[in-house]
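# Inside the fold
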Amino acid sequence: MRLASVRGMRDILPAETGLWQGVEGAIRELFGRYAYREIRPPVVELAELFARGVGAETDIVHKEMYVFPDRKGQMLALRPEATASVVRAYVEHAMHAGSDLVKLYYLGPMFRYEKPQMGRQRQFHQYGVEAIGSLDPALDAEVADLAAQLVADLGLDRARLRFRVNTIGCAADREGYRGVLLSHLGPRAVGLCSDCRRRLEQNPLRVLDCKVPSCREIVCEAPSSADHVCSACAEHFEGFKGHMEALGLSYEQDATLVRGLDYYTRTVFELASEELGAQDALLGGGRYDDLVALLGGPETPAVGFAGGMERLVMLLHREDREEPELDWYVIPVTDDPEVVRWTSQILAAMRRAGLAADRAYVRKALRKSLQVAARKAKGAVFVGPEEIASGAAKARDLAAGVERVVSLAALVDPDAVRGQLAAEEAS
Ligand SMILES: [Zn+2]
Ligand SMILES: [Zn+2]
């Protein structure tokens, strides 16, 4: 019997990994420029971390989390998101002791048991940042600016990026808003889906996330959390919006934006692009000023965002800029042991000189070998008995289609060889 991969968990094949590495490289480079350092928490955590951190009533934890006992009966979970893990690590390693503001980023697989569909798998990949230690609304805007810069670096038009922003206030505000929301939604409960009728009792804010159309209609008319926050939170929100404007980041305020996780406080935001259809958020984030204390650390405000790698890879895929990765593809023209030995030696010399090179191991007609070479490399080198005798080889620039004999020593400097080829073509 042939075994297949598990539903919702797919292989990322070599044809795609170049794109993934490109996105990962752009993320690392940019996040580093904004002074974030990478953290790599484990994929498995205590299930309780997410029940406490993300919220037992959220869809992510309640419906979608992979939970299982280990051999001693301890309940574990595959992480459905990373913020709770990063904050757990921040507390566990007392990172607050080292610095007032700790800026961390991560990349990696997350797991949610959802219905697999185009662009949404059960094992998916997220990147994100967490800036832990400041309540300054300028930091919220800096985090948003980093998010915008990332998608701009990956080729989206900065002028067409749109943030949706909202404030959900501090814990006390949320308690008050919960009452306001309940008295609005209570009389309309018959129109809500069965999930939302349950949410109404546990956590009415979650009703605002519901994607069922009949619920959306009821939610549209619900009172806005931004109108029910204390003066300190209102001032914080005004500060955030002011800093967004100062950084040239355009936004609209959206009263129904609450984000599907319980840890959020004050600022919440999502980023979309008009180029891609502005309904679909590329990434989202916000403040979580109570999470550090909730997980056993000191009272510490924090803000961050997370987004899906798959979306970014698809963005790059649109441009389809696949380029040959190797400098040289070396083709021995006979099976003669001397030729084969030379081939290995030339290849080794290229690699030691820092070039990316590979060789043909399966002998084919020359034309076929050249087709393979053209897919993989910028240039092809042929090694045969005459080449060895003369201490030179035939090198071909695969893009330009020109060919000449060059010394074996020169092959480890393909720029020089290509320069000569170009000069020859011009003459
Ligand atoms: Zn407040
Ligand atoms: Zn609903």
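Residues numbered from 1 in each chain as written. Chains lettered and ligands numbered in written order. Predicted model: local features only at pLDDT ≥ 70, side-chain atom pairs only at ≥ 80, totals over all residues. Heavy atoms only, no water.

### With respect to the coordination of the zinc ion (ligand 2)
Protein coordination at the zinc ion (ligand 2) comes from Cys193 (SG), Cys196 (SG), Cys210 (SG) and Cys215 (SG), with a distance range of 2.2 to 2.3 Å. Sequence spacing of the donors to the zinc ion (ligand 2): C-x2-C-x13-C-x4-C. Here cysteine 215 lies in helix α8 (residues 213–220) and cysteine 193 lies in the loop between α6 (171–185) and α7 (194–202), a separation of 22 residues in the sequence. Among the residues examined, cysteine 215 registers a relative accessible area of 0% and is labelled buried. (Donors = N, O, S within 2.8 Å, 3.2 Å for Na, K, Ca; no water. Helix = DSSP H or I, 4+ residues; strand = E, 2+ residues; numbered from the N terminus. Buried < 20%, exposed > 50% of the residue type's maximum accessible area, 1.4 Å probe, protein only.)

### What to know about the coordination of the zinc ion (ligand 1)
Geometrically, a metal with four donors at the corners of a regular tetrahedron has ideal angles of 109.5 degrees, and one with six donors at the corners of a regular octahedron has ideal angles of 90 or 180 degrees. Protein coordination at the zinc ion (ligand 1) comes from Cys170 (SG), Asp173 (OD), Cys230 (SG) and Cys233 (SG), with a distance range of 2.0 to 2.3 Å. Geometry at the zinc ion (ligand 1) is tetrahedral, judged from its four donor atoms and the angles of 94 to 128 degrees they form at the metal. All donor residues of the zinc ion (ligand 1) come from one chain, and their arrangement in sequence is C-x2-D-x56-C-x2-C. A residue pair is termed long-range when its members are at least 10 positions apart, and cysteine 170 in the loop between β7 (161–167) and α6 and cysteine 233 in helix α9 (residues 231–246) qualify at 63 residues. Neither residue differs from the other here; cysteine 170 and cysteine 233 are each classed as buried. (Tetrahedral: all angles 85-135°; square planar, octahedral: opposite > 155°, others 65-115°.)

### Examining the sheet that holds strand β8 (residues 251–253)
Strand order in the open sheet formed by eight strands is β1-β5-β6-β11-β10-β9-β7-β8, with mixed pairing between adjacent strands. A single partner strand is all that each edge strand has here, and the edge strands are β1 (37–38) and β8. The sheet contact formed by strand β9 (residues 265–273) and strand β10 (residues 283–287) spans five bridges and is antiparallel. The residue bridging glutamate 270 from the neighbouring strand is glycine 284, located in β10. (Pairing = 2+ DSSP bridges.)

### Remarks on the nonpolar core
Of all hydrophobic cores here, the largest spans 50 residues; its most connected members are Phe50 and Ile132. Here this core takes five residues from helix α4 (residues 83–92), the largest share from any one element. Look past the residues within four positions of phenylalanine 50 in its chain and what remains in contact with it is Glu45, Gly55, Val61, Met65, Ala77, Arg79, Pro80, Glu81, Ala84 and Ser85. Residues Leu150, Leu161, Phe237 and Phe269 belong to the second largest nonpolar core, which totals 43 residues. (Core = buried A, V, L, I, M, F, W, Y, C linked by side-chain atoms within 4.5 Å. Contact = heavy atoms within 4.5 Å.)

### Examining the pairing of β9
The side chains of a regular strand alternate between the sheet's two faces. Most of β9 sits out of view: nine of its nine residues are buried. The pairing of β7 with β9 spans seven bridges and is antiparallel. In the sheet register, phenylalanine 163 faces β9, and the bridge partner there is leucine 271.

### Regarding the side chain of aspartate 140
Counting through the fold element by element, aspartate 140 comes out in helix α5 (residues 137–153). The buried category is assigned to aspartate 140, whose relative accessible area is 0%. Polar contacts involving the side chain of aspartate 140 include one to the side chain of arginine 287, which spans 2.7 Å. Ignoring any residue separated from it by four or fewer positions in sequence, one finds aspartate 140 in contact with His236, Phe240, Thr267, Arg287 and Val303. (Polar contact = N/O pair within 3.5 Å; in protein donor to acceptor, adjacent residues only side chain to side chain.)

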